Amino acid sequence: MSFSFDTKNELCRLPVQKLCCARAEAYGILLYCNTFSSTEVRIITENPNFAARLPKLFHRAFNLHFDRQPEPGAEGKMVFQITDRKKLDHITNLLGYDPRQNLVLHVNFAMLEEECCRASFLRGIFFAGGSITDPLKRYHLELTTSHAQASRELDVLLRECGYPPKSVSRNGSFVTYFKQSDQIEDFLTMIGAPVAAMNVMSAKLEKDLRNSVNRRLNCDSANLDKAVLASQEQLEAIRALQTAGLLEQLPDKLQLTAALRLENPELTLSELAEEFDPPVSKSCLNHRLRKILELAKGL
Ligand SMILES: [Zn+2]
């Protein structure tokens, strides 16, 4: 199953308790669900755990039942609906809206003064309009609504909570999103999904480790390339001296160095230094090879 699905299931395990928080969570769901108007509430979900939570939550928050809800054990797209005028008025009243006003769906911040309620409200928004990408692929958490005003005010709220989000509008939807792993971790922890937050953190650690190993490998292979190039250059110089009949006239140490290099073209400088009996230092070998290169250049 998807990372979003798992995260929402984790959130569904949180009990529905305090009235203030139940109301705030339901409020978040309403602002980000399919339809929330003065004539209809319609929430559509395919998540069975969320479908099980919704009636409990709305009963606690508003003391009412949905007019239409799926049979227990239903699968696929499940629709929760309220169309009863009295119930709708009751909800809009409790949320601090005037039932006669056209719901512009601004956020009533008076409902969100307590920290517990703010977290519950954001959880509701995530339930109804949120999704999160598998953090092993990339870091992306987004909250989508069709209501521009609600989206703008969510931005303000998140900024106040210390998580400045980014936002974009996409085909008539308004998307608030996070791209940084630490912001996503904090957001998930706040809304009550510490396990998902931990998974984001460990995905980040895993990716960082993999990147540093790759960097290391690239660096090693770059060094290897350099060593191969150097070795080729030395071999050419030695052969040039050979052809010119100068190799035998070189001092013994240089002759020995040339011979060992010819025998071992694949060795790195430090490996080649070990081939001497007794071994010579790397800088000593480097010095001798440079001398050979110089002599060949002088030809
Ligand atoms: Zn609360």
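Because the structure is predicted, anything quoted here is derived from the model rather than measured. (Residues numbered from 1 in each chain as written. Predicted model: local features only at pLDDT ≥ 70, side-chain atom pairs only at ≥ 80, totals over all residues. Heavy atoms only, no water.)

(A) Inspection of the sheet that holds strand β3 (residues 78-82) at higher detail. Read from one edge to the other, the open sheet built from three strands follows the order β1-β2-β3, with strand pairing classed as antiparallel. Unpaired on one side and paired on the other, β1 (35-36) and β3 mark the two borders of the sheet. Inspection of the sheet shows strand β2 (residues 41-45) paired to β3 by five bridges, in the antiparallel sense. Paired with Arg-42 across the bridge in β3 is Gln-81. Here helix α3 (residues 48-62) sits on the sheet and contacts β2 and β3; the angle it forms with β3, its principal contact strand, is near 15°. (Pairing = 2+ DSSP bridges. Helix = DSSP H or I, 4+ residues; strand = E, 2+ residues; numbered from the N terminus. Contact = heavy atoms within 4.5 Å. Axes fitted to C-alpha atoms, helices over the stretch in contact; angles between N-to-C directions.)

(B) The arrangement of the coordination of the zinc ion in detail. Within the protein, Cys-20 (SG), Cys-21 (SG), Cys-116 (SG) and Cys-117 (SG) serve as the donor atoms for the zinc ion, at 2.3 to 2.4 Å. Its four donor atoms give the zinc ion angles of 96 to 131° at the centre, a pattern that matches the tetrahedral case. When the donor residues of the zinc ion are listed from N- to C-terminus, their spacing reads C-C-x94-C-C. With a gap of 96 residues between them, Cys-20 in helix α2 (residues 19-32) and Cys-116 in helix α5 (residues 115-129) connect regions that are remote in the sequence. (Donors = N, O, S within 2.8 Å, 3.2 Å for Na, K, Ca; no water. Tetrahedral: all angles 85-135°; square planar, octahedral: opposite > 155°, others 65-115°.)

(C) Just the packing of helix α1 (residues 3-12) against helix α8 (residues 194-243), in detail. Two elements in contact, α1 and α8, have axes whose closest approach is 8 Å; the angle formed by their N-to-C orientations is 145°. Of the residues in α8, those touching α1 at Phe-3, Thr-7 and Glu-10 are Pro-194, Val-195, Ala-196, Asn-199 and Val-200. Among the residues forming the contact of α1 with α8, the class breakdown is five nonpolar, two polar and one charged. (Nonpolar A, V, L, I, M, F, W, Y, C, P; charged D, E, K, R; others polar.)

(D) View of helix α4 (residues 85-94). Residues of α4 that are buried include every one of Leu-88, Ile-91 and Thr-92, and no others. Buried residues along α4 cover an arc of 95° about the axis, so they all sit on one side. Elements in contact with the buried residues of α4: α2, β1, β2, α3 and β3. Gly-96 sits one or two residues past α4 and shows a positive phi near 85°. (Buried < 20%, exposed > 50% of the residue type's maximum accessible area, 1.4 Å probe, protein only. Arc of directions from axis to C-beta.)

(E) Region of interest: the packing of aromatic side chains. In total, this model carries eight aromatic pairs according to the counting rule given. The interplanar angle of 45° and the centroid separation of 5.7 Å between the aromatic rings of Phe-178 and Phe-187 together place this pair among those described as tilted. Here Phe-178 falls in the buried class, since its relative accessible area comes to 1%. We classify Phe-187 as buried; its relative accessible area is 0%. Three or more aromatic residues link up through ring pairs in this structure, and these residues are Phe-58, Phe-62, Phe-66 and Phe-80. The ring centre of Phe-126 lies 5.4 Å from the NZ or CZ of Lys-8, which sits over that ring. (Phe/Tyr/Trp six-rings, centres within 6.5 Å; stacked < 30°, edge-to-face > 60°. Lys NZ or Arg CZ within 6 Å of the ring centre and 35° of its normal.)

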